[in-house]
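# Overview (structure and organization)
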Amino acid sequence: MHEKGILHQFDSIVKSFSKRDKIALIHDLDADGVSSGVIVYNSLKLLRGKAPDLVVTQSFKTVELLPKTISLLKKKKISKVIVVDFALDQQPESVKMTENLVDQILVIDHHKSYGKPGKKTFFLKAQLVSDLEPSTYPTSKLAFDLFSRHVNLEKWSWIACVGLIGDNQLEQWRGFIGRCAKDHDSSVEEFTQIMNIISAVEVLAPEKLNGLLKFYASCSSPRQMLSSRYAPYAEKLESEMASLMKKFEKEKQVFPDAQLVWFEFNAKHNIKSAIINSVSNESYPHYTVVFVQGKGDGFVSFSARRQDFKVKMNDILENAVKGFENAGAGGHVPAAAGRCKKKDLPELKRRIIRLLSGPPLKA
């Protein structure tokens, strides 16, 4: 289906939303996922005079609808589901299970395509409506552009900016972000501070993300978020990151032939994504940076970054975990993540070094 057909189908879905529908909104947990969730939340209020009937903030980052989520959709008698900012097509089984309960699923996302499972699900990926590399068109901006076809979202354009900065796309969208900062008497610095607040709550108090999203949706200006009860979390996270950076400088492993920086650590909070962005952007933009975090549960989670787009992080990690039991990985070209059993970590490391040292992976 070409771009006009994709947009026509999206428009038809949006025009069908009514107060009679029982709509659930499900979002990713990072700044782009929360910001895109807010944009959809407010769009629905304008479209049908009513917010989503249910907002689901899953308990951890994943590309599937968890059993607890599916049970909640059934309990609340949800008829339509909107999912933003994760590749639900990567785990088609949860899509099929959800389709047995609801009339329609709309997925708005900017990750790569993994197929189109299910007859009731419409996947609107960034690459279907734009020539931009999908990772450079975050879901917050995509959702803003899509729903702006139907309602005026200009008073929330700053929220799209927070999502763009959260996904490291300030340079790609500097013109748009600059205009929004001027329109809202704000600045790139304030948008970045809000991104840091969301990231800090994601790391330190993920159980508060659902309430944060709803508060964020009620804000009429960036300064309301900056003076909110969520703001102090950013300072707490900064302190934890400073401590971890000292450990990184002492214990990092550098493999020049593979252009790889590798760092393993244990921590209570899921802090790796927050700190790896800083390391990758500021210290190693032309290297692959991998952070591996253990939490003492028999599994490790890992994140990979590469800012020059010369190596596809999503493909590297997806290939590296093939065949591992209870493992998974995915993401974007410059930023990806995954999880595997701790016992598989040595083999994971060997595979990543081999993949980075060998010929480029086929597209």
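See the structure above.
So, here's what we can say about the structure. (Residues numbered from 1 in each chain as written. Predicted model: local features only at pLDDT ≥ 70, side-chain atom pairs only at ≥ 80, totals over all residues. Heavy atoms only, no water.)

### A word on the overall build of the protein chain
- Helix and strand counts for the protein chain come out as 15 helices and 11 strands.
- The C-alpha radius of gyration computed for the protein chain amounts to 20 Å, which stays within 12% of the reference 21 Å derived for 363 residues, consistent with globular compactness.
- A principal-axis box enclosing the C-alpha atoms of the protein chain has dimensions of 55 × 45 × 40 Å.
- Relative to its 363 residues, the protein chain shows a buried fraction of 56%.
- A sequence separation of at least 24 residues applies to 65% of the contacts in the protein chain between residues at least 6 apart.
- Summed over its atoms, the accessible surface of the protein chain is roughly 16,500 Å², and 50% of this surface lies on carbon and sulfur atoms.
- Of the side chains in the protein chain, 53 bear a positive and 41 a negative charge, and the two mean positions are spaced by 6 Å. (Helix = DSSP H or I, 4+ residues; strand = E, 2+ residues; numbered from the N terminus. Rg over C-alpha atoms; globule rule 2.2 N^0.38 Å. Buried < 20%, exposed > 50% of the residue type's maximum accessible area, 1.4 Å probe, protein only. Contact = heavy atoms within 4.5 Å. Areas by Shrake-Rupley, 256 points an atom, 1.4 Å probe, with all protein chains shown as cover. Lys, Arg positive; Asp, Glu negative; His and termini not counted. Charge placed at Lys NZ, Arg CZ, Asp CG, Glu CD.)

### A few points about the packing of aromatic side chains
- Per the counting criterion, the structure on display carries 11 aromatic pairs.
- Pairing Phe-263 with Phe-291 gives two aromatic rings, centres 5.2 Å apart and planes at 70°, and the pair type is edge-to-face. Pair noted here: Phe-263 is in strand β7 (residues 260–266) and Phe-291 is in strand β8 (residues 288–294), with a separation of 28 residues, a long-range link.
- Given the relative accessible area of 0%, Phe-263 is considered buried.
- Three or more aromatic residues link up through ring pairs in this structure, and these residues are Phe-248, Phe-263, Phe-265 and Phe-291.
- One cation-aromatic arrangement involves Lys-141 over Phe-176; the distance from NZ or CZ to the ring centre is 4.5 Å.
- Between the NZ or CZ atom of Arg-229 and the centre of the ring of Phe-215, over which it lies, the distance is 5.7 Å. (Phe/Tyr/Trp six-rings, centres within 6.5 Å; stacked < 30°, edge-to-face > 60°. Lys NZ or Arg CZ within 6 Å of the ring centre and 35° of its normal.)

### A look at the pattern of salt bridges
- For the structure on display, the rule yields 21 salt bridges.
- For the salt bridge of Glu-190 with Arg-223, the shortest nitrogen-to-oxygen distance reads 3.6 Å. Taken together, the residues Glu-190 in helix α9 (residues 188–204) and Arg-223 in helix α11 (residues 222–226) connect sequence positions 33 residues apart.
- Of the charged contacts in the structure, one is a salt bridge between Glu-347 and Arg-351, with a shortest N-O distance of 3.1 Å. With Glu-347 and Arg-351 both in helix α15 (residues 345–357), this residue pair falls 4 residues apart, about one helical turn.
- Glu-347 gets classed as partly exposed once you look at its relative accessible area, which sits at 25%.
- One connected set of salt bridges, linked through shared partners, spans Asp-28, Asp-30 and Lys-61. (Salt bridge = Lys/Arg side-chain N within 4 Å of Asp/Glu carboxyl O.)

### Let's talk about the side chain of Arg-351
- Residue class for Arg-351 comes out buried when judged on its relative accessible area of 17%.
- From its side chain, Arg-351 meets the backbone oxygen of Ala-320 in a polar contact 2.9 Å long.
- Ignoring sequence-local partners within four residues, the contact set of Arg-351 consists of Asn-319, Ala-320, Val-321, Lys-322 and Phe-324. (Polar contact = N/O pair within 3.5 Å; in protein donor to acceptor, adjacent residues only side chain to side chain.)

### Looking at the packing of helix α2 (residues 31–48) against α9
- Where α2 contacts α9, the two axes come as close as 9 Å, and the packing angle between them is 105°. What the angle tells us is that α2 and α9 run roughly perpendicular. Taking contact as the criterion, the partners of Ala-31, Val-34 and Ser-35 in α2 are, on α9, Met-195, Ile-198 and Ser-199.
- The residue inventory of the contact of α2 with α9, partitioned by class, reads 4 nonpolar, 2 polar and no charged. (Axes fitted to C-alpha atoms, helices over the stretch in contact; angles between N-to-C directions. Parallel < 35°, antiparallel > 145°, perpendicular 65-115°, else oblique. Nonpolar A, V, L, I, M, F, W, Y, C, P; charged D, E, K, R; others polar.)

### Things to note about the sheet that holds strand β10 (residues 328–331)
- The sheet built from 6 strands is open, its strands ordered β6-β7-β8-β9-β11-β10 with mixed pairing. Each edge of the open sheet is held by one strand with a lone partner, namely β6 (253–255) and β10. Ignoring which end each strand starts from, the neighbouring axes of this sheet average 15° apart.
- With 7 bridges connecting them, strand β9 (residues 299–305) and strand β11 (residues 335–341) associate as antiparallel partners. Bridge pairing in β11 links Arg-305 to Ala-335.
- Against the sheet, helix α12 (residues 232–251) contacts β6, β7 and β8, and its axis sits at roughly 125° relative to β7.
- Across the sheet, helix α13 (residues 272–282) touches β7, β8, β9 and β11, and the angle it forms with β9 is around 30°. (Pairing = 2+ DSSP bridges.)

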